[in-house]
Amino acid sequence: MDKENKVYVPKNVKQNLEFFKGFGVKELIITGIVVIISALPVFFIYKYVNQALAISLFLIIIATTITLVTKDNNGVSFLHQLKLVIKSIIEQKKFKYRRK
């Protein structure tokens, strides 16, 4: 059994360090990974295509990532909600009823 699940934590009490509302260490790590992955393609765009395009693309990637991983008041991010919707669509069962 997990020790974390034994105690009820009220909604407004933060369990982890948050830099701003809904954005904590976990979200910062995810954003950092995205920045590292996107740095190489953006560098090639910067070097060979257009500098302004590369800088704009890099800032858009960072802003989008922060927006997608920031949690709302209920503690659920947009990406997590999207995962739940896709899971419910995939697992949706269809029952065909016949009238007798």
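Look up: the structure comes first, before these words.
Residues numbered from 1 in each chain as written. Predicted model: local features only at pLDDT ≥ 70, side-chain atom pairs only at ≥ 80, totals over all residues. Heavy atoms only, no water.

Enquirer: Which residues make up the overall build of the chain, and what values do they have?
Expert: Scanning the chain from terminus to terminus reveals 3 helices and 2 strands. When its helices and strands are written in sequence order, the chain yields β-β-α-α-α. Counting the 100 residues in the chain, one finds 11% classified as buried. Per element, the accessible surface of the chain, about 9,200 Å² overall, is 64% carbon and sulfur. (Helix = DSSP H or I, 4+ residues; strand = E, 2+ residues; numbered from the N terminus. Buried < 20%, exposed > 50% of the residue type's maximum accessible area, 1.4 Å probe, protein only. Areas by Shrake-Rupley, 256 points an atom, 1.4 Å probe, with all protein chains shown as cover.)

Enquirer: Give a description of the packing of aromatic side chains that names residues and reports values.
Expert: Scanning the model with the defined rule gives 2 aromatic pairs in all. The interplanar angle of 10 degrees and the centroid separation of 6.2 Å between the aromatic rings of F44 and Y48 together place this pair among those described as stacked. Placement of the pair is F44 and Y48 together in helix α1 (residues 25-48), with a separation of 4 residues, close to one helical turn. A relative accessible area of 40% places F44 in the partly exposed class. The exposure class assigned to Y48 is exposed, which follows from its relative accessible area of 63%. Grouping aromatic residues by their ring pairs yields a cluster made of F43, F44 and Y48. (Phe/Tyr/Trp six-rings, centres within 6.5 Å; stacked < 30°, edge-to-face > 60°.)

Enquirer: Explain the side chain of S38 to me, using residue names and the numbers behind them.
Expert: Among the structural elements, S38 can be located in helix α1. Here the side chain of S38 touches V35 through a polar contact of 3.2 Å, landing on its backbone oxygen. (Polar contact = N/O pair within 3.5 Å; in protein donor to acceptor, adjacent residues only side chain to side chain.)

Enquirer: Residues and numbers for the environment of K26, please.
Expert: Along the chain, K26 turns up in helix α1. In this structure K26 comes out as exposed when scored by relative accessible area, which is 58%. The spatial distance from the C-alpha of K26 to the C-alpha of T70 is 10.0 Å, given a sequence separation of 44 residues.

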